[in-house]
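Examination of the molecular architecture
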Amino acid sequence: MFVPYLLDGWIVATLVALASGFAGFFVVLRRESFAAHALPMAAFPGAAAAVLFGVAQIYGLVAAALLGVGLLLWLKRGQRNDAATALALVALLALGALFLSLSGRYADAVYALLFGQVFAVGPGDIAPAVALGVLVPLAVLAGFRPLLLSALAPELASVRGANCGWVDALFLLLLALAAALALPVTGALLVFSLMTGPAGAACVLLRSPKAALALSVGLALALIWSALALSYATGWPAGFFTGALAAVLYLAARMWRRARRARPSPGWA
Amino acid sequence: MFEGFWTSQVVWNALLIGGAAAVLSGCIGVFTVLRGQSFAGHALADVSSAGGALSLLLGINPMLGFFGLGLLGALGLSGRRQGDGDLAAGILLGAGLGLTALLLHFAISLRNSTGAAAVVMFGSLFSAPPGAGALALGSALAGVVLLGVIHRPLLLSSLDAGLAAVRGVNIRLVAGVFLVLLALAVTLSAMAVGAILSTALLIGPAAAALRLTRRPGLACALAAGLGVFCAWGGVALAYASYGFTPGRVWPVSFFIVALVFCTYAAASLRRA
């Protein structure tokens, strides 16, 4: 399981889980599930364009994720936020489908980009993964207080002088970078599970924000490692285990809390 | 560019499925947007993709697979309590997509159908089975009739649940029937543009129509019309795209979704 050619996959997956655990905590707290689902879709056409033009995937991913943030911020200014998000999401997916179709590698690339191919990760992916895998957690920690305040009490945050618009943009940016990093590992569709499953479970279980953040990261690491090990053992896709384990994790946390009803609910989860 | 367009059996089938999906999705979409359930609709579509994959694996009619899993997803969504936010829908969506990944993996490796992922997720209107057009048209009609039956209590409970309860509307029943209709709309759209793009036909024309008018009935008609325009325009453009890049047809789904997006953008300019 830890043979050299798979080692790169394990390292990148670990970094992905780190970034997703940190970013996912605020996804759950800020109730931005839909944005978290949409941003990896924004990275998808970037990866597809990289296939079409033959450049390194990570550049396409990051560039497209940044474009996605811009699009999302622009659409969010209007009313009916969630309808606009839904449309941005499908428009980007369709664009990716077009790129893949034109590249002539439609059939095999669609599956890899949507559902991930962690064991196809190579040594060249390590450097950008390390950069993003360190940058995202650091940025979350640096912006922890304004992010938390604007998530829990937006009015209070603006009174205290935090610029909510900038905090929003920063948050989406972090989300986009985490998504771009995670896409080759879990695929565009299941990045989202890695972000929301562990973080959702952590927020259900713990009241203190810092403890919940730590638990969220820990669970994300446990999740991706189990998914990889199970995938290796069965030969089934890692994406399946990611999605299924994330759901199991969240349900188990909910049932645990229900079983211990005496404890008051944290209110923000 | 358009030689043989009107005489092609494949094109007619595509026009039928696309039109049927657009009409039902447009009408249902208006209520979905009004109820703020865009994400639920999208989650349902993602879960139903597992049904598409299953039907490829078993070799049954894809509509059956999409609808079956769509119903299961609707059941899962209706079980959640108010105030859960989007998180429960999101987790459900992730589990559904994970299952899709597994089933597609089996479909690709066991049945040797390399294009399985592209077909289920992004659709292939031009390679739909020949009888699918009539079936889609029938289910769309049934869906529109059912929506007509429940439209008054549905509208009331969408806009003001408290008032609806006072007026004696069974809110849970109405919400349940609506989720079944949503599953049907998602199924037809998934046949037309693929499971993960079906949200385009569901939300796009409806959101555009609601920008243009505030009257729900008119919005339904407008959304259906805009949806049909996008679907048929997409089919025509894809047919014509054979001439853009010699020998290769661009994906129909891309054109349909692009037209939907342009329609929505144009409609939102109107009342900026």
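1. Looking at the overall build of chain B
Helices and strands together make up the secondary structure of chain B, namely 11 helices and zero strands. Reading the helices (α) and strands (β) of chain B from amino to carboxyl end gives α-α-α-α-α-α-α-α-α-α-α. Taken over C-alpha atoms, the radius of gyration comes to 18 Å for chain B, in line with the 19 Å a tight globule of 272 residues would show. In terms of its C-alpha atoms, chain B occupies a principal-axis envelope of roughly 60 × 45 × 35 Å. Out of the 272 residues belonging to chain B, those deemed buried represent 56%. Nonlocal contacts in chain B, meaning residues at least 24 apart in sequence, comprise 77% of its contacts between residues at least 6 apart.

2. Considerations on the overall build of chain A
Helix and strand counts for chain A stand at 11 helices and zero strands. In terms of overall size, chain A behaves like a compact globule, its C-alpha atoms giving a radius of gyration of 18 Å where 269 residues would be expected to give roughly 18 Å. With the principal axes as the frame, chain A shows a C-alpha extent of 55 × 45 × 30 Å. Burial status across chain A gives 58% buried among its 269 residues. The contacts in chain A between residues at least 6 apart in sequence include a share of 76% that link residues at least 24 apart.

3. Re the packing of helix α10 (residues 209–234) of chain A against helix α11 (residues 238–259) of chain A
Residue and element names in this part refer to chain A. In the contact formed by α10 and α11, the axes pass within 8 Å of each other and the chain directions differ by 140°. Between α10 and α11, the crossing angle belongs to the class labelled oblique. Handedness of the α10/α11 crossing: right-handed. Seen from α10, the contacting residues are Leu219, Leu223, Ser226, Ala227, Leu228, Leu230 and Ser231; seen from α11, they are Ala238, Phe241, Thr242, Leu245, Ala246 and Leu249. Each residue belonging to the contact of α10 with α11 can be placed in one class, and the counts come to 10 nonpolar, three polar and no charged.

4. Considering the interface of chain B and chain A
Frequently, the measure chosen for interface size is the accessible area that the parts lose on association. Taken together, the 43 residues of chain B in the interface contact 43 residues of chain A. Elements supplying a minimum of two residues to the side of chain B that touches chain A: α2 (38–58), α4 (87–110), α5 (116–122), α9 (198–212) and α11 (252–270) of chain B. Of the residues in the side of chain B that touches chain A, the class split is 27 nonpolar, 15 polar and one charged.

5. What about the confidence of the model for chain A?
On average, residues of chain A carry a pLDDT of 82, and 91% of them reach 70 or more. Ranking the elements of chain A by mean pLDDT puts helix α8 (residues 154–159) of chain A last with 72 and α10(A) first with 91.

6. Here we look at α4(B)
Compared with an ideal rise of 1.5 Å per residue, which puts 24 residues at 34 Å, α4(B) spans 34 Å between its outermost C-alpha atoms and is within 8% of the ideal. The first or second residue beyond α4(B) is B:Asn112, which carries a positive phi of 60°.

7. A short note on the environment of A:Leu66
Looking at where A:Leu66 falls in the secondary structure, it is placed in helix α3 (residues 57–76). A:Leu66 gets classed as partly exposed once you count the C-beta atoms within 10 Å, which come to 18.

8. Quick notes on the environment of B:Ala221
All names here are of chain B. Tracing the backbone through its elements, the reader meets alanine 221 in helix α10 (residues 216–240). On the basis of neighbour counts, which here come to 17 C-beta atoms within 10 Å, the residue alanine 221 falls in the partly exposed class. Separated by 155 residues in the primary sequence, alanine 221 and phenylalanine 66 place their C-alpha atoms 26 Å from one another.

9. Notes on the nonpolar core
Nonpolar side chains tend to gather and get buried jointly when the protein is soluble and globular. Counting residues in each nonpolar core, the largest one holds 219 residues, and the members touching the most others are A:Ala43, A:Leu87 and A:Leu175. By residue number, the principal contributor to this core is helix α9 (residues 164–205) of chain A, which donates 27 residues.

10. A closer look at the packing of helix α6 (residues 132–159) of chain B against helix α8 (residues 171–193) of chain B
Residue and element names in this part refer to chain B. Where α6 meets α8, the axes come as close as 9 Å, and the angle between the chain directions of the two elements is 150°. If you check the angle between α6 and α8, you find them roughly antiparallel. Helix-helix and strand crossings are classified by hand; for α6 and α8 the assignment is left-handed. Between α6 and α8, the contacting residues are Ala132, Ala136, Ser139, Ala140, Gly143, Leu146, Leu147, Ile150, Pro153, Leu154 and Ser157 on the first element and Ile171, Val174, Val177, Phe178, Leu181, Leu184, Ala185, Leu188 and Met191 on the second. Of the residues belonging to the contact of α6 with α8, the class tally is 17 nonpolar, three polar and no charged.

11. Brief notes about the confidence of the model for chain B
Considering every residue of chain B, the mean pLDDT works out to 86; 96% of them sit at 70 or more. The ipTM assigned to the predicted complex is 0.85, against a pTM of 0.86.

12. Considerations on the environment of A:Leu205
Residues and elements named next belong to chain A. Tracing the sequence through the fold places leucine 205 in helix α9. For the pair leucine 205 and leucine 215, spaced 10 residues apart in the sequence, the C-alpha separation amounts to 9.1 Å. Discounting chain neighbours no more than four positions away, the residues touching leucine 205 are Leu215, Ala253, Trp256 and Arg257.

13. Thoughts on α9(B)
For α9(B), which comprises 15 residues, the first-to-last C-alpha distance of 22 Å matches the rise-based estimate of 21 Å (1.5 Å per residue) to within 8%. Burial runs high along α9(B): 14 of the 15 residues are buried.

Thresholds, definitions, all that
Residues numbered from 1 in each chain as written. Chains lettered and ligands numbered in written order. Predicted model: local features only at pLDDT ≥ 70, side-chain atom pairs only at ≥ 80, totals over all residues. Helix = DSSP H or I, 4+ residues; strand = E, 2+ residues; numbered from the N terminus. Rg over C-alpha atoms; globule rule 2.2 N^0.38 Å. Buried ≥ 20, exposed ≤ 12 C-beta atoms within 10 Å, placed from the backbone. Contact = placed C-beta atoms within 7 Å. Axes fitted to C-alpha atoms, helices over the stretch in contact; angles between N-to-C directions. Parallel < 35°, antiparallel > 145°, perpendicular 65-115°, else oblique. Left-handed = near helix turned anticlockwise from the far one by under 90°. Nonpolar A, V, L, I, M, F, W, Y, C, P; charged D, E, K, R; others polar. pLDDT = per-residue confidence, 0-100. Expected span 1.5 Å × (residues − 1). Core = buried A, V, L, I, M, F, W, Y, C linked by C-beta atoms within 7 Å.

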